[in-house]
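Listed here are the chains, written in short residue letters.
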Amino acid sequence: CGGKPDPADRPVDPPARINGAKVAAAKRDTTEAFCDQYAPDDRGAAFHWPKLAGATAPAPTGAHWRWVNLWATWCGPCVEEMPRILAWRDRLAQAGRPVELTFVSVDENDAAIADFRKDHPATPPSVRVASVAERTAWLAALHLDDGAIPIQLFVSPAGHLRCARAGGLRDKDYDVVAKLLAE
């Protein structure tokens, strides 16, 4: 993450994650190519929440997909993509594909988030992972590395991790996200 964004800067898409020489153009828009980890047909790890700081885990979604976004106040790309993700959630709902969106902060304490909200009052509600050790164990149980953020987790209505993606989202990623949530 490149640090805190300057509010005067216009948000820009993060750099592309796919090296064109390695991935054919037709494959770029597939859900499998979009995800760093992809498991079709609910063969992915059963999703569970880590220990959260001062909050209870969100209830299962039932018939809806769950989208979990791991972010931090100090992560510029995380903060820049929040409005995009919120708009996509609304757009998906209007298209008949409602998704339960949960923002999960990996900040070390609640004070960091409270201070951040003073400068960014539109920041959506968020839960926070209780500790670095909890976050590392949680991601390991989902067969993910505790690496760079933001991280997107897409959990099927059956409660299995279908897709995990590290890195920021670009405007052109909407179609593949919509395709994933229609599987």
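Parameters at a glance
Residues numbered from 1 in each chain as written. Predicted model: local features only at pLDDT ≥ 70, side-chain atom pairs only at ≥ 80, totals over all residues. Heavy atoms only, no water. Helix = DSSP H or I, 4+ residues; strand = E, 2+ residues; numbered from the N terminus. Contact = heavy atoms within 4.5 Å. Disulfide = S-S within 2.5 Å. Buried < 20%, exposed > 50% of the residue type's maximum accessible area, 1.4 Å probe, protein only. Phe/Tyr/Trp six-rings, centres within 6.5 Å; stacked < 30°, edge-to-face > 60°. Pairing = 2+ DSSP bridges. Arc of directions from axis to C-beta.

A. How the structure looks around the environment of Leu139. Tracing the backbone through its elements, the reader meets Leu139 in helix H5 (residues 132–141). Note: C-alpha distance between Leu139 and Pro50 (89 residues apart in sequence) is 8.7 Å. Excluding residues that lie within four positions of it along the chain, Leu139 makes contacts with Leu70, Leu144, Asp145, Asp146 and Ile151.

B. Structural detail: the state of the cysteines. Across all of its chains, the model carries two disulfides by this definition. Across the disulfide, Cys75 is cross-linked to Cys78 (sulfur-sulfur distance 2.4 Å). Taking the torsion about the S-S bond as the criterion, the Cys75 to Cys78 disulfide, at about 75 degrees, is right-handed. For Cys75, a relative accessible area of 0% corresponds to the buried category.

C. Structural view of the packing of aromatic side chains. One pass over the full model with this rule turns up eight aromatic pairs. Both rings, one in Trp49 and one in Trp138, keep their centres 6.4 Å apart while their planes meet at 20 degrees; by these two values the pair is stacked. Of this pair, Trp49 sits in the loop between strand E1 (37–38) and strand E2 (65–71) while Trp138 sits in helix H5, and the two are 89 residues apart along the sequence. Look at Trp49 and you get buried, because its relative accessible area is 15%. Assessed through its relative accessible area of 2%, Trp138 is described here as buried. Plain terms: the ring middles of Trp88 and Tyr174 are 5.5 Å apart, the flat faces sit at 70 degrees to each other, and that makes the pair edge-to-face.

D. Structural detail: the sheet that holds strand E6 (residues 161–166). Taken together, six strands build an open sheet; the order of strands is E1-E6-E5-E2-E3-E4 and the sheet is mixed. Because the sheet does not close on itself, it has two edges, and the strands there are E1 and strand E4 (126–128). Where strand E5 (residues 151–155) lies against E6, five bridges are found, and the strand directions are antiparallel. For Gln152, the partnering residue across the bridge sits in E6 and is Arg165.

E. Structural context of unusual backbone geometry. In this structure, Pro150 follows Ile149 across a cis peptide bond, with omega equal to 5 degrees. Assignment of secondary structure puts Pro150 in the loop between H5 and E5. Phi at His143 takes a positive value of approximately 65 degrees, unusual for a residue other than glycine. Structurally, His143 can be placed in the loop between H5 and E5.

F. Expanded view of H5. Among the residues making up H5, those that are buried are Arg135, Trp138 and Leu139. Considered in projection along H5, the buried side chains sweep an arc of 95 degrees and stay on one side of the axis. Check the buried side of H5 and you find it contacts E2 and E5.

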